[in-house]
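Okay, here's what each chain looks like letter by letter:
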Amino acid sequence: MPRGVRKSSLEKLREEQKNIQDAIEQYKTSIKTQEERVKQIQEEIKLEEFKEISAILEKRNMSISELKDILTNKE
């Protein structure tokens, strides 16, 4: 019972090439998405660090300008 027309070697290679190119594009898209997520996480980390600093300043009844003075005087 025939299963259909057999693909030539050239057709198989072209199909494989197309599949590989498609996979590469998917990986590029995935990498771009992951890089954007890393940037977003870095911004969230900065925000959390600022929140911690703000909490410490509030606990010690200090202003940002007082902290700035302390830091600049240490140089």
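What counts, and at which threshold
- Residues numbered from 1 in each chain as written.
- Predicted model: local features only at pLDDT ≥ 70, side-chain atom pairs only at ≥ 80, totals over all residues.
- Heavy atoms only, no water.
- Helix = DSSP H or I, 4+ residues; strand = E, 2+ residues; numbered from the N terminus.
- Buried < 20%, exposed > 50% of the residue type's maximum accessible area, 1.4 Å probe, protein only.
- UniProt positions renumbered as here; feature names shortened; annotations may be inferred.
- Salt bridge = Lys/Arg side-chain N within 4 Å of Asp/Glu carboxyl O.

S.K.: What is the right way to read the environment of A23 from this model?
M.R.: Tracing the backbone shows A23 in helix α1 (residues 9–59). Residue classification places A23 among the partly exposed residues on the basis of a relative accessible area of 27%. Here the alpha-carbon distance between A23 and K7, two residues 16 residues apart in the chain, equals 22 Å.

S.K.: What am I meant to see in the UniProt feature "coiled-coil region" (unreviewed entry) in the protein chain here?
M.R.: Cross-referencing UniProt, the feature "coiled-coil region" (unreviewed entry) maps to residues 6–51 in the present numbering. The span residues 6–51 carries 93% helix and 0% strand; its end-to-end C-alpha distance comes to 66 Å.

S.K.: Is there a simple way to explain unusual backbone geometry in this structure?
M.R.: Among all residues save glycine, negative phi is the norm, and among peptide bonds the norm is trans. One non-glycine residue with positive phi stands out, namely N61, at about 55 degrees. Position of N61 relative to the elements: it lies in the loop between α1 and α2 (64–73). Residue classification places N61 among the exposed residues on the basis of a relative accessible area of 69%.

S.K.: What is the right way to look at the pattern of salt bridges in this model?
M.R.: Any two side chains of opposite charge can pair if their charged atoms end up close together. Evaluation of the coordinates by the stated rule reveals six salt bridges. Between E25 and K28 there is a salt bridge, with its nearest N and O atoms 3.8 Å apart. On the criterion of helical spacing, the pair formed by E25 and K28 is a turn pair, its members being three residues apart in helix α1. Exposure remark for E25: the relative accessible area of 45% places this residue in the partly exposed category. Among the ionic pairs, E43 bridges to K46, the shortest N-O distance being 3.8 Å. Here K46 and E43 lie together in helix α1, a separation of three residues that amounts to about one turn.

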